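# Notes for the structure review
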Amino acid sequence: MPRRTLDTAAVAVAKRRRMSFARPTPDSDRERSPRPLAGLLALGRPLIMGILNVTPDSFFDGGRFCDPATAVAQARRMIGEGADIIDIGAESSRPYAGALAVPLEEEMRRLAPVLPQTVALGTPVSIDTMKAEVAAWAVAAGATIVNDVWGLQRDRELAGVVAEHGVPIVVVHNRDSADPAIDIMGDIADFFHRSLAIAAPAGIARENIVLDPGIGFGKTPDQSLTVIARLSELKRFGLPILVGASRKRFIDKVSPAPPEHRLGGSIAAHLLAIAGGAAIIRTHDVAATVQAVRVAAAIRNAQ
């Protein structure tokens, strides 16, 4: 099928979902299977979510995986390195640079040749989007998790999509701008309470919610450090916690380095996040992160 035809059809499906949130036929098979995220969390070890940005402007890997074949090859590589989930995003949030919003049609054009092929690799796929239309299409195409960097508070129709399809949602804390004067942990808690108040009446099961404090999103570097240091405070919500500190700017605040030289800082932050209660780690560097997590666990077990 020519790409233009595929893109047009995908957008049409997504727009119809916006009106009805009808459950597409492919979901019926998944309903009879264990939910991938619940099954993975039951393993009792930190899960690794590999980042796949099919964007030209993401802060670290922008432009590297715009070619569909290259993107799918990267997904396959991360799975081979031990990724439990592949998180695909087609719109950069770039919290430090004020990325421009991507139109629905362009986001779909980027996803259409990549997401279904990645789903076919057999590892759970998460769709990183804040748009209800995109989430509905992605779930119909086989994605089993929705990852919203605005925690259900930017597109209110997204909660209906998540509830209708019965998939897990990652609720990410965000702010339009950083404010060094605020109590960041209090702000995160208030944000999560608002998100949960949206999720419940929409019909999203509590066991389908993951909380992400949004390292770097609407935060100063010092606030990002504080969030990781005090991550255990978020355990009071009784929900799994995801942390994505990979290559982010707060590392440069501590040890000056461009994104391509922040692997060590990323691993340090992620290991401490796990110690603070993180159940899922979102990273660009799957192999190094898997190795670090396994070695840290082995050392703890040897005590």
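A brief structural summary.

About the thresholds
Residues numbered from 1 in each chain as written. Predicted model: local features only at pLDDT ≥ 70, side-chain atom pairs only at ≥ 80, totals over all residues. Heavy atoms only, no water. Helix = DSSP H or I, 4+ residues; strand = E, 2+ residues; numbered from the N terminus. Expected span 1.5 Å × (residues − 1). Buried < 20%, exposed > 50% of the residue type's maximum accessible area, 1.4 Å probe, protein only. Arc of directions from axis to C-beta. Axes fitted to C-alpha atoms, helices over the stretch in contact; angles between N-to-C directions. Parallel < 35°, antiparallel > 145°, perpendicular 65-115°, else oblique. Left-handed = near helix turned anticlockwise from the far one by under 90°. Contact = heavy atoms within 4.5 Å. Nonpolar A, V, L, I, M, F, W, Y, C, P; charged D, E, K, R; others polar. Pairing = 2+ DSSP bridges. Phe/Tyr/Trp six-rings, centres within 6.5 Å; stacked < 30°, edge-to-face > 60°. Salt bridge = Lys/Arg side-chain N within 4 Å of Asp/Glu carboxyl O. Core = buried A, V, L, I, M, F, W, Y, C linked by side-chain atoms within 4.5 Å.

### Concerning unusual backbone geometry
A positive phi angle, near 70 degrees, is found at L152, a position not held by glycine. Structurally, the position occupied by L152 is in the loop between β4 (145–148) and α8 (157–165). Despite not being glycine, R247 has its phi angle at roughly 65 degrees, a positive value. Residue position: R247 is located in the loop between β7 (242–243) and α11 (249–254).

### Here's the deal with helix α4 (residues 68–81)
Spanning 14 residues, α4 covers 20 Å between terminal C-alpha atoms, matching the ideal 20 Å at 1.5 Å per step. Taken together, the buried positions of α4 are occupied by P68, A71, V72, Q74, A75 and M78. For α4, the arc enclosing every buried residue in end-on projection is 155 degrees, short of the 170-degree limit, so these residues lie on one face. For α4, the exposed residues lying more than 90 degrees away from the buried face are A69 and G80. Positive phi shows up at G82, right after α4, with a value of about 115 degrees.

### Quick look at the packing of helix α12 (residues 263–275) against helix α13 (residues 286–301)
Close contact between α12 and α13 brings their axes to 10 Å; oriented N to C, the two are set at 45 degrees. Here α12 lies oblique to α13, going by the angle between them. Of the two possible hands of crossing, α12 and α13 adopt the one that is right-handed. Contact with α12, carried on its side by L263, I267, L271 and I274, involves A288, A292, V293 and A296 of α13 and no other residues of that element.

### Quick look at the packing of helix α7 (residues 132–140) against α8
To describe two helices that pack against each other, one gives the angle between their axes and the distance between the axes. Between α7 and α8, the least distance of the axes is 8 Å, while the angle of their chain directions is 20 degrees. In terms of their interaxial angle, α7 and α8 are classed as roughly parallel. The element α7 and its partner α8 pack so that their crossing is right-handed. Residues A132, A135, A136 and V139 of α7 touch α8, and the partners they reach there are E157, L158, V161 and H165. For the contact of α7 with α8, the residue count by class is six nonpolar, one polar and one charged.

### Concerning the sheet that holds strand β5 (residues 169–172)
Ordered in space as β6-β5-β4-β3-β2-β1-β8-β7, the eight strands form an open sheet in which the pairing is parallel. Every other strand in the sheet has two partners, leaving β6 (209–212) and β7 as the edge strands with one partner each. Two elements, β4 and β5, share three bridges in a ladder whose sense is parallel. Among the inter-strand pairings, N147 is bridged to a residue of β5, identified as V170. Running over the sheet, α4 touches β1 (47–53) and β2 (85–89) and is turned about 165 degrees from β1.

### Quick look at helix α5 (residues 104–111)
Turning to α5, its buried residues number three or more, namely L104, E107, M108, R110 and L111. In an axial view of α5, the angular spread of the buried residues amounts to 160 degrees, which keeps them on one side of the axis.

### What to know about the packing of aromatic side chains
Taken as a whole, this structure holds two aromatic pairs when the rule is applied. Pairing F191 with F192 gives two aromatic rings, centres 6.3 Å apart and planes at 70 degrees, and the pair type is edge-to-face. For the residue pair F191 and F192, the accessibility class agrees, reading buried in each case. Between the aromatic rings of F192 and F237, the centroid separation amounts to 5.7 Å while the plane-to-plane angle is 85 degrees, which identifies the pairing as edge-to-face. A residue pair is termed long-range when its members are at least 10 positions apart, and F192 in helix α9 (residues 184–202) and F237 in the loop between α10 (221–229) and β7 qualify at 45 residues.

### Thoughts on the pattern of salt bridges
Applying the stated rule across the entire model yields 11 salt bridges. Taking the shortest distance from any N to any O, the salt bridge between K131 and E91 comes out at 2.9 Å. Taken together, the residues K131 in the loop between β3 (125–128) and α7 and E91 in the loop between β2 and α5 connect sequence positions 40 residues apart. The pair K131 / E91 is uniform in exposure class, with both members buried. E233 is the salt-bridge partner of R230, the closest N and O atoms lying 2.6 Å from each other. The exposure class assigned to E233 is partly exposed, which follows from its relative accessible area of 30%. Through salt bridges that share partners, D87, D128 and R282 make up one connected network.

### Quick look at the nonpolar core
Nonpolar side chains tend to gather and get buried jointly when the protein is soluble and globular. Of all hydrophobic cores here, the largest spans 69 residues; its most connected members are I88, L111, V146, L152, I204, I209 and V243. The greatest single-element share of this core, amounting to nine residues, is contributed by α9. Excluding residues within four positions of it along the chain, V243 makes contact with P213, I215, L231, H270, A273, A278, I280, I281 and R282. Counting 15 residues, the second largest nonpolar core, distinct from the first, contains I85, V210, F217 and A279.

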